[in-house]
Every structure is written in C-alpha cells, then in structure tokens.
Amino acid sequence: VLAILDQKIKKWPDILNNNLVAALNARLDIKGYWKEVEDFKILAAGENMSLSGPSLGEITTTGTVEVTRPSVNLDLVSSLKNVDLASALKQEKLRSSITASFKTRQSIPIKGDFSDNYAASVEGKILPSLFSGLSISDGSIDASYKKNALDLQSLSLNSDSFTFKTKPSRSEEHTSELQSHV
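Residues numbered from 1 in each chain as written. Predicted model: local features only at pLDDT ≥ 70, side-chain atom pairs only at ≥ 80, totals over all residues. Heavy atoms only, no water.

1. Quick look at the overall build of the chain
So, point 1. Check the secondary structure of the chain and you find three helices and 12 strands.
So, point 2. By the burial criterion, 27% of the 182 residues in the chain qualify as buried.
So, point 3. Taking the contacts inside the chain whose residues are at least 6 apart along the sequence as the reference set, 37% of them involve residues at least 24 apart.
So, point 4. Total accessible area on the chain is roughly 12,100 Å²; 56% of this is exposed by carbon and sulfur atoms. (Helix = DSSP H or I, 4+ residues; strand = E, 2+ residues; numbered from the N terminus. Buried < 20%, exposed > 50% of the residue type's maximum accessible area, 1.4 Å probe, protein only. Contact = heavy atoms within 4.5 Å. Areas by Shrake-Rupley, 256 points an atom, 1.4 Å probe, with all protein chains shown as cover.)

2. Concerning the nonpolar core
So, point 1. One finds Phe40, Val67, Val72, Leu74, Leu76, Ile108, Ile110, Tyr118 and Ala120 forming the largest nonpolar core, which totals nine residues.
So, point 2. In terms of residues, this core owes the most to one element, strand 4 (residues 71-83), which gives three residues.
So, point 3. Tyrosine 118 has contacts with Gln106, Ser107, Ile108, Pro109, Tyr145, Lys146 and Lys147, leaving out every residue within four places of it along the chain.
So, point 4. Ranked by size, the runner-up nonpolar core spans eight residues in total, among them Leu80, Val83, Ile98 and Leu157. (Core = buried A, V, L, I, M, F, W, Y, C linked by side-chain atoms within 4.5 Å.)

3. Considering the side chain of asparagine 158
So, point 1. Note on placement: asparagine 158 falls in strand 10 (residues 149-158).
So, point 2. Polar side-chain contacts of asparagine 158 include one of 3.4 Å to the side chain of threonine 163.
So, point 3. Filtering out sequence-adjacent residues up to four positions away, asparagine 158 remains in contact with Ile136, Ser137, Asp138, Thr163 and Lys165. (Polar contact = N/O pair within 3.5 Å; in protein donor to acceptor, adjacent residues only side chain to side chain.)

4. Topic: the pairing of strand 10
The two faces of a sheet get side chains in turn, since along a regular strand they alternate between them.
So, point 1. Sheet topology note: the strand 9 (residues 138-146)/strand 10 ladder contains nine bridges and is antiparallel. Counted as the bridge partner of aspartate 142 is serine 154 from strand 10.
So, point 2. Between the end of strand 9 and the start of strand 10, which pair antiparallel, lie two residues, with lysine 147 showing a positive phi angle near 50°. (Pairing = 2+ DSSP bridges.)

5. A few points about the pattern of salt bridges
Where charged atoms from two side chains of opposite charge approach closely, those side chains can pair.
So, point 1. The full count for this structure, using the stated rule, is five salt bridges.
So, point 2. A cluster of three or more residues bridged by salt bridges with shared partners is formed by Asp84, Glu92 and Arg95. (Salt bridge = Lys/Arg side-chain N within 4 Å of Asp/Glu carboxyl O.)

6. Observations concerning the packing of aromatic side chains
So, point 1. Taken as a whole and assessed by the stated rule, the structure comprises two aromatic pairs.
So, point 2. Residues phenylalanine 114 and tyrosine 118 carry aromatic rings whose centres are separated by 5.4 Å and whose planes lie at 20° to one another, so their mutual orientation is stacked.
So, point 3. Using a relative accessible area of 18% as the deciding quantity, one classes tyrosine 118 as buried.
So, point 4. Between the aromatic rings of tyrosine 118 and tyrosine 145, the centroid separation amounts to 6.0 Å while the plane-to-plane angle is 45°, which identifies the pairing as tilted. (Phe/Tyr/Trp six-rings, centres within 6.5 Å; stacked < 30°, edge-to-face > 60°.)

7. Topic: a nonpolar patch on the surface
So, point 1. Residues Leu28, Ile30 and Ile42 make up a contiguous nonpolar surface patch of roughly 260 Å² in combined accessible area.
So, point 2. As for its placement among the helices and strands, isoleucine 30 is situated in strand 1 (residues 23-33).
So, point 3. We classify isoleucine 30 as exposed; its relative accessible area is 55%. (Patch = residues over 30% accessible without salt bridge, like charges linked within 9 Å, V, L, I, M, F, W, Y side chains within 5 Å.)

8. Concerning the pairing of strand 9
So, point 1. Across eight bridges, strand 6 (residues 119-126) lies against strand 9 in antiparallel orientation. Looking across to strand 9, one finds that alanine 120 is bridged to tyrosine 145.

9. Observations regarding the confidence of the model for the chain
So, point 1. For the chain, the mean per-residue pLDDT works out to 82, and 81% of the residues sit at or above 70.
So, point 2. Averaged pLDDT values for the elements of the chain fall to 51 in strand 12 (residues 176-181) and rise to 96 in strand 6.
So, point 3. In this model, residues 171-176 is a region of pLDDT below 50 whose contacts with residues beyond four sequence positions or in other chains number five contacts. (pLDDT = per-residue confidence, 0-100.)

Here it is, written out as structure tokens:
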C-alpha cells in the first residue's frame, strides 16, 4: 500500500521524521481476491494495532483497510495518548502531548486525479492535551472532505483561557456561513 501511495505522491514531504524510534505492534487478518489483476481486492482487518515510542507517545488503531484497483479505503477508530507532533514532524514549535479518540474514513485514489477523488471524514473527541504550549481541556470535531470541499459540521476547543466553537449555519439558498465564537 505504501509503495502505491509513494508512487502516487512521488515524494514524501521532507518534514516527516523518517528516523522516528517507535515500536509497531499489529494483529492483521489479510485476505485477497482476484480473477484478473485488474479486479484485485485486498482486505486487511486490524485489531489493536499500535505505534508507540518514547518521543512519539502512543497511537492505537482498530479497523479495516481495503485496497482495490481504483482506491485504498480506510475505516479506522484510533486513540492517541500523549502524542508529540514535534517528534513525528521534526517541528519543535509543534511540541505537544495530545490525547484524543477519532473515527475516520478515507478513500485514497490510486487512479485518477487525487484532489478530485480523495474523500475523508472524521469524528472525534480531544481529551486534556497540550499543543504548542496551549493547554486544551477538551474538544471535538465532526468534518468531511470530498471533491475539494471541506464540510465542517462542528469544531470546538476548550481551555482555561478560551473557548472556541464553530459550526456552519445553512441558509435557504443552501450556502454555508461559518460562525466562530472565541
């Protein structure tokens, strides 16, 4: 799967830390089906997949990955415990300790135009965390992306110093206006 994505993206961004020290544990049930090479389908179901390291924190994921000729489809439930983005992205200003849980779905195109065919959705809760020096007591997100359009249903972040809430308001003309309160 990574080889296919690597070909599609051509070059992984330089900001990714390819020397990250972490342990990967996974239990996968992988099945493949095909009559012809063009109609192959690979389904991987994972239970308690985890990536953890002293500078990374811990990411645990359960769900499925389906690979077909046109796309890679992911349906995952993930939890983050004390995840530090500074280590993963080699950006010291992103020093963090993020604890959260998310349900994500993605369809990553292998064929065709990436931006026109990529789709994703995320629903999640942010538990007490620290991000770039900012203490967050809790938060939530419900958003999707399809055909170059972000549909933000809700986003909220709460801390001792502020509350940020945003959600779209829809008019009769089916246009959206983003309302934010800080």
